[in-house]
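A structural walkthrough
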Amino acid sequence: MESVLTSPAAASLFGLPAMIFAIIIPLLGIGVFVYIIVRRVTPLIQAAPDDRLNRVPERLKMVLKIWLAQWRQPRYLLAGIIHIVIFFGFLVLGIRSISLVIIGFADHFVMPGFGGSFGRMYNVLKDYAATLVLIACITAAVRRGLFKPARYAVPPRYGHGHTSEAIFVLGLISTLMLSESLFEASQAAAQVQQGVPAEFLAPLSLAWIFRQMLSGVALAALQGIHLSTYFIHDFTFFFFLCFLPLGKHFHVITSLFNVFFMRLEKGRVKPVRYGVEDDQLDELESFGVKKFTDFTWKHILDFYTCADCGRCSDRCPANTVGRPLSPRFVSIKGRDYAFRHYPLGGGNGRPPSEPLMGDIYSADEIWSCTTCGACEQECPLGIEYIDKMVDLRRGMVEEGMVPQSLQKPLGALEKRGNPWGIMEKKRAEWTKALSEDYPVKILDRKNSAATLYFVDSISSYDDRMQSLACATAKILNGVGIDFGILGKAERDSGHEVRRFGEEMLFQDLRAHNTDAIADAGVTRIVTADPHAFNALKNDYAELPPVEHISQTIARHVKSGRLRLKPVEDRTKVYTYHDPCYLGRHNELYDEPRAAIDAIPGLKRVEMTGNCRDRSFCCGGGGLMLFYEPEEEQRMGVLRVEMARKAGADVIVTACPFCLVNIEDAIKVSGMEGQMEAIDLAELVERHMVVA
């Protein structure tokens, strides 16, 4: 198309060639940006190592899914749609913005491949993209500034909110959209006035509307609009680029990298230090995170990447019940700390050495986490929290900062291999409640079996949970599985011990159990405890395949080997509570439901919005049964209320810790006789057809 207006590369500005400004602005902007990024990268270089350069094809797949496809954004529908529109608008218009920068000193520049038909199609797409982005920005600003969703609120103890920054950035984005559209519309309006073929503008787009508005404007004024909007766009573009690393919008730059480096395997916690084998741990001078540079570079990248969207805290059960923990502020405080100790003005280069605990994090805050994983599941940018919590706890344990309520069970675990301190020889006493029809072998030199039933501590020693162990044994017998237990040779799996920072104690428990399992000579392991399942599957090494009892049940129901009789009471409505370490951490959602649904006549409902990967933690994971947190309401009570609102009378779970907490919550909330809880193994055993 013939150009009617003088281009920025050929025009004058303040009596000087405009090209000078078109060159100075990018050079200055890029220079400042590079300097800021170098300062921001400094703490990552000084941080602890992190092994994230493996399994590149899988990481690229996560980038395509989580980052490019914005997979998790629609979980919060309105905010998700707004973000998706702005995100894809940025991708589309990024090409246009770069070409505009070059046009300032290279007249008539066209991006390679963007000429001809493809270029015309792109121009239509970017016109509509600019329009939609502007609408999304206005919507987001109104929503953030007027309606103020609760998850954006900042309690006074955490400092000021970030609403003003968010609205300022929305204003910058809107300025880019308006200036680009006016730049193009002024050219098209001038072409129409001069009777030459005009640039095609997408109908009803922002640029198209501006062209209609400018149709009667004098040519000289159009020239002024054309030139001024170009430099407004140019300056705003580079100002925005340099502003991004200064606050929460740093995620615009870091999110791609953070998603690429995100953890690929759920259910695992990071080693004490990457590159240090377990048998070398005694050589380490320090365990866990005590000062800022003890965090790994990926965890500091997490701090930079936090978008302050509040989704993690909104789904965090600890935050919901009023515990002094909000995952969102774990990241925000970490980012603020980095900005404060690595200022843009430079410094002496020495990393900060003051302890984090008591400075930016409190002990109660870190101990309040149940490691349920809800925050990580919800984060659209791949931010991790569990490893940080575990590492901070490792540091506190080494410093002797262990809560009083946990000291006794941890001591008992070290001495007796279980948190109650009961003698090892009593670990198999639950088997005495079984009749001779359901034999349970104690695996030793005289007795062998193909399958090990790993009972773990709570089902071995807790009076109520022993019925769960009995039910599991009956099911294994009923489907003809040759199995046995370790008896006094078994120790606690150590799952919660590791997640509470007692790494060396976990190492001892794991070593003992690994040797005992090897001596038993089994080829498969079954457990009814998701915490033991997760530990054996993800924290141990070189063990036989591990299966949760729900998988065993579902497989034998499908094969017809396990037959179930009709439900006892057809008037009752059942719902299934997903245990965190069976569901979110190991993605076992369908097998327990298939087992429940196999009972003829049983009616099951879902706790919509709070099931599967959005299940609400019961609050009872492992040593949390012994910890006494400061909270306004019990997690278990909230979970029971969710089940009641779903119309359920019976809550089925597949975890002894969940069963303890939910049964206790039913009593505390005064719903005895109205609600009941039962474990999956108990439910199936009750309806099992005995041959």
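Residues numbered from 1 in each chain as written. Predicted model: local features only at pLDDT ≥ 70, side-chain atom pairs only at ≥ 80, totals over all residues. Heavy atoms only, no water.

**Thoughts on the side chain of K270**
Mapped onto the elements of the fold, K270 is located in the loop between α8 (251–260) and α9 (297–305). Separated by 3.2 Å, the side chain of K270 and the backbone oxygen of V272 make a polar contact. What K270 contacts, discounting residues up to four positions off in sequence, is T296, H299, D387, D391 and R394. (Helix = DSSP H or I, 4+ residues; strand = E, 2+ residues; numbered from the N terminus. Polar contact = N/O pair within 3.5 Å; in protein donor to acceptor, adjacent residues only side chain to side chain. Contact = heavy atoms within 4.5 Å.)

**Thoughts on helix α2 (residues 56–68)**
Residues of α2 that are buried include every one of R59, V63, I66 and W67, and no others. Here the buried face of α2 lies against α3 (77–103) and α8. A positive backbone phi angle near 55 degrees is found at Q70, which sits one or two residues after α2. (Buried < 20%, exposed > 50% of the residue type's maximum accessible area, 1.4 Å probe, protein only.)

**So, the domain arrangement of the protein**
By the assigned domains, the protein splits into domain 1 (12–260), domain 2 (286–401), domain 3 (416–558) and domain 4 (562–686). On a C-alpha basis, the centroid separation for the pair domain 2 and domain 4 is 31 Å. Counting from both sides, the interface comprises 21 residues of domain 2 and, opposite them, 21 residues of domain 4. Where domain 2 abuts domain 4, roughly 1,700 Å² becomes buried across the two surfaces, and 54% of that area is made up of carbon and sulfur atoms. If you sort the residues of domain 2 by the area they bury against domain 4, R315, V321 and R323 come out on top, with a joint share of 34%. Taken together, domain 2 and domain 4 are joined by two salt bridges. A salt bridge links R614 to E378, with the shortest nitrogen-to-oxygen separation between them at 2.7 Å. Along the contact surface separating domain 2 from domain 4 lie 12 residue pairs in polar contact (both at pLDDT 80 or more). (Domains from an automatic or database assignment. Buried area = accessible area lost by both parts, 1.4 Å probe. Salt bridge = Lys/Arg side-chain N within 4 Å of Asp/Glu carboxyl O.)

**Re the packing of aromatic side chains**
In the structure shown here, the tally under the stated rule is 25 aromatic pairs. Look at F114 and F118: their rings are 5.1 Å apart centre to centre, the planes differ by 70 degrees, and that puts the pair in the edge-to-face class. For F114, a relative accessible area of 22% translates into the label partly exposed. With relative accessibility at 45%, the residue F118 sits in the partly exposed group. A ring pair is formed by F239 and F243, whose centres lie 6.1 Å apart and whose planes are at 15 degrees; its orientation type is stacked. Of this pair, F239 and F243 both sit in helix α7 (residues 219–243), four residues apart, roughly one helical turn. On the basis of relative accessible area, F239 is assigned to the partly exposed category, the value being 34%. (Phe/Tyr/Trp six-rings, centres within 6.5 Å; stacked < 30°, edge-to-face > 60°.)

**A few points about the environment of A428**
Here A428 shows up in the loop between α16 (404–416) and β3 (441–442). Separated by 242 residues in the primary sequence, A428 and G670 have C-alpha atoms spaced 34 Å apart. Filtering out sequence-adjacent residues up to four positions away, A428 remains in contact with I442, I485 and G487.

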